[in-house]
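Inside the fold
Listed here are the chains, written in short residue letters.
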Amino acid sequence: MTLEELMVRYPDTRTYFEFMPQELKSRYTIRTYPPGTIIHQKDYPLDYFGIVCSGDHRVINEFENGNVYMIEKNEAIDFVGEVTILAGKEKTSVTIETLTECVVFMIARSDFEMWISKDIHFLRLVSHKIAYKLYRSSYNRGARLFYPPNFLLLDHLLKYAATNNIEEKGEIILRKTREDLREELGMTVKTINRTIAKLKESGLIGTYKGKVTMTLRQYQQAKNEITYYVN
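Before going into details, it helps to say that this report is about the structure given with it.

Cut-offs and rules
Residues numbered from 1 in each chain as written. Predicted model: local features only at pLDDT ≥ 70, side-chain atom pairs only at ≥ 80, totals over all residues. Heavy atoms only, no water. Helix = DSSP H or I, 4+ residues; strand = E, 2+ residues; numbered from the N terminus. Buried < 20%, exposed > 50% of the residue type's maximum accessible area, 1.4 Å probe, protein only. Contact = heavy atoms within 4.5 Å. Areas by Shrake-Rupley, 256 points an atom, 1.4 Å probe, with all protein chains shown as cover. Lys, Arg positive; Asp, Glu negative; His and termini not counted. Charge placed at Lys NZ, Arg CZ, Asp CG, Glu CD. Axes fitted to C-alpha atoms, helices over the stretch in contact; angles between N-to-C directions. Parallel < 35°, antiparallel > 145°, perpendicular 65-115°, else oblique. Nonpolar A, V, L, I, M, F, W, Y, C, P; charged D, E, K, R; others polar. Salt bridge = Lys/Arg side-chain N within 4 Å of Asp/Glu carboxyl O. Phe/Tyr/Trp six-rings, centres within 6.5 Å; stacked < 30°, edge-to-face > 60°.

Take the overall build of the chain next. Across its full length, the chain carries ten helices and eleven strands. In terms of overall dimensions, the chain has a C-alpha envelope of 65 × 40 × 35 Å along the principal axes. By the burial criterion, 43% of the 231 residues in the chain qualify as buried. Across the chain, every contact between residues at least 6 apart in sequence was considered, and the portion connecting residues at least 24 apart equals 73%. Looking at the chain as shown, the accessible area adds up to about 13000 Å², and 51% of this sits on carbon and sulfur atoms. With 32 positive and 30 negative side-chain charges, the chain shows a separation of 6 Å between the mean positions of the two kinds.

As structure tokens, then:
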């Protein structure tokens, strides 16, 4: 796939390449990564920059004890390696793993550095994306430090229910494992199971074959419960 074909297939990418230096338009690769692929690994040297043109991926932090903590999930259009490069670091601080098939435009690290030095429009797009991620991360981190597990899991369920159109369907099933929740919420599986039991006892959720369920009535009740915590 050429850059021109990429912009036709994914028109939202056009603004990123609008003022790209001409000499860089022949120095790139476009790769397609299947779901579950590691795009780059934590603590490995980074010698390229990427633009995720389609697909979803997650950013995770892996620790020596084997625990994995999911920092965020991102949708296209997003970047790969921008924080490491702008921070002037040689190695990556996180691992990026695809959740769906992802198409990534890639150029050498040195070419990216030259690109942002010559293209203020592109530099502003990159800076805006970084600032947005930092804002979202600091906002969510505050909640994890301040609120109890009941709030964090309930808040997660409410967002999931809203995204999956509970008001139209009348009920949703949380299609996530306890391990998924552990990575996303930063809790132990034991705490998650204990919290699910408490929320079920309170009538805010149900379970079916081990999966968490929520009806529209429970959804409305849970929103009131969240307001209680916030207030």
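From this point, the discussion proceeds with the structure in view.
With that settled, consider the packing of helix 6 (residues 149-163) against helix 9 (residues 189-201). For the pair helix 6 and helix 9, the least separation of the axes is 10 Å and the interaxial angle reads 80 degrees. Between helix 6 and helix 9, the interaxial angle falls into the category roughly perpendicular. Along its contact with helix 6, which presents Pro 149, Asn 150, Leu 153, Leu 154 and Leu 157, the element helix 9 presents Thr 191, Ile 192, Thr 195, Ile 196, Lys 198 and Leu 199. Considering only residue class, the contact of helix 6 with helix 9 consists of seven nonpolar, three polar and one charged.

Glancing now at the pattern of salt bridges. Inspection of the entire model under this criterion finds eight salt bridges. For Glu 23, the salt bridge is made with Lys 118, and the minimal N-O distance between the two is 3.3 Å. Separated by 95 residues along the polypeptide, Glu 23 in the loop between helix 2 (14-17) and strand 1 (29-33) and Lys 118 in helix 4 (residues 109-118) bring together distant segments of the chain. On the basis of relative accessibility, which here comes to 56%, the residue Lys 118 falls in the exposed class. With a closest N to O distance of 3.0 Å, Lys 133 and Asp 78 form a salt bridge. On the criterion of sequence distance, the pair formed by Lys 133 in helix 5 (residues 120-146) and Asp 78 in strand 6 (residues 78-80) is long-range, its members being 55 residues apart. Each member of the pair, Lys 133 together with Asp 78, is buried.

Right, let's get into the packing of aromatic side chains. Enumeration over the complete set of coordinates arrives at ten aromatic pairs. Considering the side-chain rings of Phe 17 and Phe 105, the 4.8 Å spacing of their centres and the 70 degrees angle between planes classify their relative orientation as edge-to-face. In this pair, Phe 17 is assigned in helix 2 and Phe 105 in strand 8 (residues 102-108), connecting sequence segments 88 residues apart. Judged by relative accessible area, Phe 17 falls into the buried class, the value being 3%. On the accessibility criterion, Phe 105 (0% relative accessible area) is buried. Ring geometry for Phe 112 against Phe 122: centres 6.2 Å apart, planes inclined by 85 degrees, an arrangement best described as edge-to-face. Of this pair, Phe 112 sits in helix 4 while Phe 122 sits in helix 5, placing them ten residues apart in sequence. In this pair, the class of Phe 112 matches that of Phe 122, namely buried. A connected cluster of aromatic rings, assembled from ring pairs, spans Tyr 16, Phe 17, Tyr 28, Phe 49, Phe 79, Phe 105, Phe 112, Trp 115 and Phe 122.

Looking now at the packing of helix 8 (residues 178-185) against helix 9. Orientation of helix 8 relative to helix 9, taken along the N-to-C sense of each, is 105 degrees, at an axis distance of 9 Å. Comparing the axis directions of helix 8 and helix 9 gives the class roughly perpendicular. In this structure, helix 8 uses Arg 178, Glu 179, Leu 181 and Arg 182 to contact helix 9, whose residues at the interface are Val 189, Ile 192, Asn 193 and Ile 196. Split into classes, the residues belonging to the contact of helix 8 with helix 9 amount to four nonpolar, one polar and three charged.

No statement about biological role is implied by the geometric values presented.
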